[in-house]
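In case you want the letters, here they are:
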Amino acid sequence: MGGASADRRENMRILHTSDLHLGKRIHETPLGDDQRHMLDEIVRIASEERPDALVIAGDVFDRAVPSEEAVTMFGDFLDRVSGIVPDVLVIAGNHDSGARLRYCDGLLERSGVHIAGRFGGSMERVPVGDADFWLLPFFRVSEVRAIADAPVDTYADAMAWILDRAEIDASRMNVLVAHQFFIGRTPPETSDSEDQVPDVGGLSYIPADMLGAFDYVALGHLHLPQGVGRDTVRYSGSPLKYSASEARTDKGITIVDMGDDGISVRTVPVEPLHDMRVLKGTLREIVDAAPREGPEREDYVYIRLTDRPAGVEELRRAYPNILEISYEMLVEADPREDAPGEALARESAETLFSRFYEEMTGTELTPYQRELLAGCAELVGRNAE
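Let me begin by describing the structure that accompanies this report. (Residues numbered from 1 in each chain as written. Predicted model: local features only at pLDDT ≥ 70, side-chain atom pairs only at ≥ 80, totals over all residues. Heavy atoms only, no water.)

Counted residue by residue, strand β12 (residues 216-220) has 5 buried out of 5 residues, so it is predominantly covered. On β12, burial covers both faces: Y216, A218 and G220 on one face and V217 and L219 on the other are all buried. Direction of pairing for strand β9 (residues 173-179) relative to β12: parallel, over a ladder of 5 bridges. The residue bridging V175 from the neighbouring strand is Y216, located in β12. The pairing of β12 with strand β14 (residues 230-235) spans 3 bridges and is parallel. Bridging across to β14, L219 finds its partner in Y235. (Buried < 20%, exposed > 50% of the residue type's maximum accessible area, 1.4 Å probe, protein only. Helix = DSSP H or I, 4+ residues; strand = E, 2+ residues; numbered from the N terminus. Pairing = 2+ DSSP bridges.)

Geometry of an aromatic ring pair is reported as the spacing of the ring centres plus the angle between the planes. According to the stated counting rule, one finds 5 aromatic pairs in the structure shown. Arranged with centres 5.7 Å apart and planes meeting at 80 degrees, the rings of F61 and F74 form a pair that is edge-to-face. In this pair, F61 sits in the loop between β4 (53-57) and α2 (68-81) while F74 sits in helix α2, placing the two residues 13 residues apart along the sequence. Look at F74 and you get buried, because its relative accessible area is 5%. Arranged with centres 6.2 Å apart and planes meeting at 25 degrees, the rings of F74 and F77 form a pair that is stacked. Taken together, the positions of F74 and F77, both in helix α2 and 3 residues apart, correspond to about one turn of that helix. Grouping aromatic residues by their ring pairs yields a cluster made of F61, F74 and F77. Sitting above the plane of the Y242 ring, K24 keeps its charged end 5.7 Å from the centroid. Lying over the aromatic face of Y327, R308 brings its terminal NZ or CZ to 4.5 Å of the ring centre. (Phe/Tyr/Trp six-rings, centres within 6.5 Å; stacked < 30°, edge-to-face > 60°. Lys NZ or Arg CZ within 6 Å of the ring centre and 35° of its normal.)

Moving on to the sheet that holds strand β15 (residues 252-259). Spatially, 6 strands are ordered β6-β5-β4-β1-β15-β16 in an open sheet, and the strand pairing comes out mixed. Each edge of the open sheet carries a strand with a single partner, namely β6 (113-116) and β16 (262-269). Going from strand to strand, the sheet's axes swing by 20 degrees on average, the running direction of each strand aside. Sheet analysis places β15 next to β16, joined by 8 bridges and oriented antiparallel. Residue pairing for β16: D257 is matched across the bridge by S264. Where α2 meets the sheet, its contacts fall on β4, β5 (87-91) and β6, and the angle it forms with β4 comes to roughly 160 degrees. (Axes fitted to C-alpha atoms, helices over the stretch in contact; angles between N-to-C directions. Contact = heavy atoms within 4.5 Å.)

On to the pairing of β5. The buried count for β5 comes to 5 of 5 residues, which makes it a mostly enclosed element. Going residue by residue along β5, you find D87, L89 and I91 tucked away on one face and V88 and V90 tucked away on the opposite face as well. Bridge analysis of β4 against β5 gives 5 bridges, and the strand direction is parallel. Across the sheet, residue L54 finds its bridge partner in β5, namely V88.

The final tally for this structure, using the stated rule, is 21 salt bridges. Where R36 meets D33, a salt bridge forms, and the shortest distance between an N and an O atom there is 3.0 Å. Here D33 and R36 lie together in helix α1 (residues 32-49), a separation of 3 residues that amounts to about one turn. A salt bridge links R304 to E324; its shortest N-O distance comes to 2.8 Å. Taken together, the positions of R304 in strand β18 (residues 300-305) and E324 in strand β19 (residues 322-327) put the pair 20 residues apart, joining distant regions of the chain. Residue classification places E324 among the partly exposed residues on the basis of a relative accessible area of 27%. If you follow the salt bridges from partner to partner, you end up with R13, E49, D257 and R266 in one network. (Salt bridge = Lys/Arg side-chain N within 4 Å of Asp/Glu carboxyl O.)

Don't take any of this as a statement about function, it's just geometry.
Below is the structure:
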């Protein structure tokens, strides 16, 4: 264990989560009820596990200016969970406004809620029992470069500069809470719901082997749970599924037990209010396989059709919570024919939209709708000239 001490230390239990994204919508579907249930699940797990600390590693909210519903939701959650967990440690992610997130932080700190908002040039140390928690909110290279007294060109340079200025006591347990891209031997797995993806050259990644001074590293930013380099450098993943690429991933809360006997890491499942699935096949295959009752009927679903039905009304009756319908053609194109892109390029925008509208609704555009469409196409054409 990094920085192990010869003195006997208390055992410590940490609940680690991240990327709540309160206020998020998926294809304009509101998730308020799902997120309230998710927070209820975290409170339930905290009540059962009785941790010494709860860590939320960034992206509390989905937007820098969160909705009233999202702020109220998080406030109610903090009120409940702080009555169960002695210390709650929160950092800002790239989706959060650091200043807004740490509003009333002085008052909250007296209740054991510690919030690190905007990056201020160094990590904030919060002692909890025999451990020091180092809170590092999301930062950009430019923020570090502006204050550094050495060249800072990459995220690795920036992280090295920050670490050099931290006075880490190796006789105590040390936990880093961060919201950045870290890399082990291979790049970590990302999902479609992350709006920031590291550049191909790798300059946005920070090598995980820089983190040897920390016994455990609680990471946020990536929505798929995974270790980076070693099992004790972990992305907890988001506690809810936020994209089709996460549909087959089990979501949960990371439980970390630390002490003289070492560190153990496990995951406690978070049961969603609505699960998420991706269904692929012809319209008839998907409709015939639909559950007639039970919780599966209420799942959020992505539909991948392999045929071109005249309408999709049957799908919406079979699955009331469809998030997206798309088409995947399974037949290989005839090499003697035009490539699909070439054929589409010869079609007018009005024709393509009319065809799409008919496929999605099962009805044709009315004369008035066609007139509106033609006017929009003319306006776009003039602006493009």
